[in-house]
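# Structural overview
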Amino acid sequence: MERPADLAAAIDAAAGTLIAVLESAALRHQVPPTQLRVLTLICGRPETNVNGLAELLDVVPSSASRLCDRLEATGLLRRVADPRDRREVRLVPTAAALTLLGELAERRQRAVQAVLDRMPVRMQHELLLALAGFARAATSAPEQQTDPAVQTA
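Notes on the structure in this doc start here.

Calculation criteria
- Residues numbered from 1 in each chain as written.
- Predicted model: local features only at pLDDT ≥ 70, side-chain atom pairs only at ≥ 80, totals over all residues.
- Heavy atoms only, no water.
- Helix = DSSP H or I, 4+ residues; strand = E, 2+ residues; numbered from the N terminus.
- Buried < 20%, exposed > 50% of the residue type's maximum accessible area, 1.4 Å probe, protein only.
- Contact = heavy atoms within 4.5 Å.
- Areas by Shrake-Rupley, 256 points an atom, 1.4 Å probe, with all protein chains shown as cover.
- Pairing = 2+ DSSP bridges.
- Patch = residues over 30% accessible without salt bridge, like charges linked within 9 Å, V, L, I, M, F, W, Y side chains within 5 Å.
- Salt bridge = Lys/Arg side-chain N within 4 Å of Asp/Glu carboxyl O.
- 1 Å grid on protein atoms, 1.4 Å probe; cavity = no way out; pocket = protein on both sides within 12 Å on 5 of 7 lines; lining within 4 Å.
- Points joined across faces, edges and corners; volume = space filled by probe spheres on them.
- Nonpolar A, V, L, I, M, F, W, Y, C, P; charged D, E, K, R; others polar.
- Expected span 1.5 Å × (residues − 1).
- Arc of directions from axis to C-beta.

Time to look at the overall build of the protein. Along the backbone of the protein there are 6 helices and 2 strands. Listing each helix as α and each strand as β along the protein from the N terminus yields α-α-α-α-β-β-α-α. When each of the 153 residues of the protein is scored for burial, the buried share is 23%. For the protein, restricting intrachain contacts to residue pairs at least 6 apart in sequence, the fraction spanning at least 24 positions comes to 49%. When the accessible area of the protein is evaluated, it comes to approximately 11300 Å², of which 58% is carbon and sulfur surface.

Here we come to the pairing of strand β2 (residues 85–93). Where strand β1 (residues 77–82) meets β2, 6 bridges bridge the pair, whose relative direction is antiparallel. Looking at β2, one finds that arginine 78 is bridged to valine 92. Turn length for the β1-β2 hairpin, with the two strands adjacent in sequence and antiparallel, is 2 residues.

This part takes up a nonpolar patch on the surface. Residues Leu7, Ile11 and Phe134 make up a contiguous nonpolar surface patch of roughly 260 Å² in combined accessible area. By the element assignment, phenylalanine 134 lies in helix α6 (residues 121–139).

Another aspect to go through is the pattern of salt bridges. On inspection of all chains with the given rule, the structure shows 9 salt bridges. One salt bridge in this structure joins arginine 79 and aspartate 69, with 2.8 Å as the shortest N-O distance. Of this pair, arginine 79 sits in strand β1 while aspartate 69 is found in helix α4 (residues 61–73), placing the two residues 10 residues apart along the sequence. Of the residues examined, arginine 79 reaches a relative accessible area of 26% and is grouped as partly exposed. Across the salt bridge formed by arginine 122 and glutamate 126, the nearest N and O atoms sit 3.2 Å from each other. Remark: glutamate 126 and arginine 122 occur in helix α6; sequence separation between them is 4 residues, near one turn of the helix. A relative accessible area of 58% places arginine 122 in the exposed class. A relative accessible area of 40% places glutamate 126 in the partly exposed class.

One water molecule sets the probe size; rolling that probe over the atoms shows where empty space is left. Roughly 750 Å³ of volume is contained in the largest pocket. Elements represented by at least two residues in the lining of the largest pocket include exactly α1 (7–26), α5 (95–116) and α6. Per element, the largest residue contribution to the lining of the largest pocket is 7 residues, and it comes from α1. For the lining of the largest pocket, the class distribution of residues is 15 nonpolar, 1 polar and no charged. Counted as a void, the second largest pocket has a volume near 380 Å³. Forming the walls of the second largest pocket are 15 residues, and the residues nearest its centre are Glu23, Ala26, Pro33, Leu36 and Arg108. Every element with two or more residues in the lining of the second largest pocket is listed here: α1, α2 (33–44) and α5.

Taking 1.5 Å per residue as the helical rise, α4 with its 13 residues ought to reach 18 Å, and the 18 Å between its terminal C-alpha atoms agrees with that figure. Three or more residues of α4 are buried, namely Ala64, Leu67, Cys68 and Leu71. In an axial view of α4, the angular spread of the buried residues amounts to 100°, which keeps them on one side of the axis. On the buried face of α4, the contacting elements are α2, α3 (50–57), β1 and β2.

So this is what it looks like as C-alpha cells:
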C-alpha cells in the first residue's frame, strides 16, 4: 500500500493544531511559556544546575540564571546546595511549581479530550493505533537508508 503524498503535511498540520489546543489550555496561567518549559525540564531532570539548564535551553548560563531568578522570585523554584558537592547548586521546583504543572497537565488533557469527544469513537481508536505506531517508528533504530540522496559519501 502506498503512502498518501500529503500524509506528512497532514501530520504537520495536526501537530500545529494540537499545539494550539495545548497552548490555549495554558493561557489561564500567569507563568510565561518559557518559565513553564524551565519548570518542566527541571522536574524531569532532578540533578539540573544552571549550566545544565542553559545547555537544555541552548542559551548562555547568564540567561538561564535570570530565568531562575524570576522563578525563584515567584516562589516556583529554589536553589539548593548539592549534598554531595556543596559547590554545586541544584535547581529544585517548589510544591507550588509541582501543583501548577499538575493543574496545567490536567487542563491540557481536558482540552485534548474535548476535541476527541467531537470525533467518532472508531476514529479515536484508529488515531490511538496510528499514534502508537508513529511513536514506535520514531523511537526505533532506523533501518538501512535506501535513498542515495540521504546517504553520505
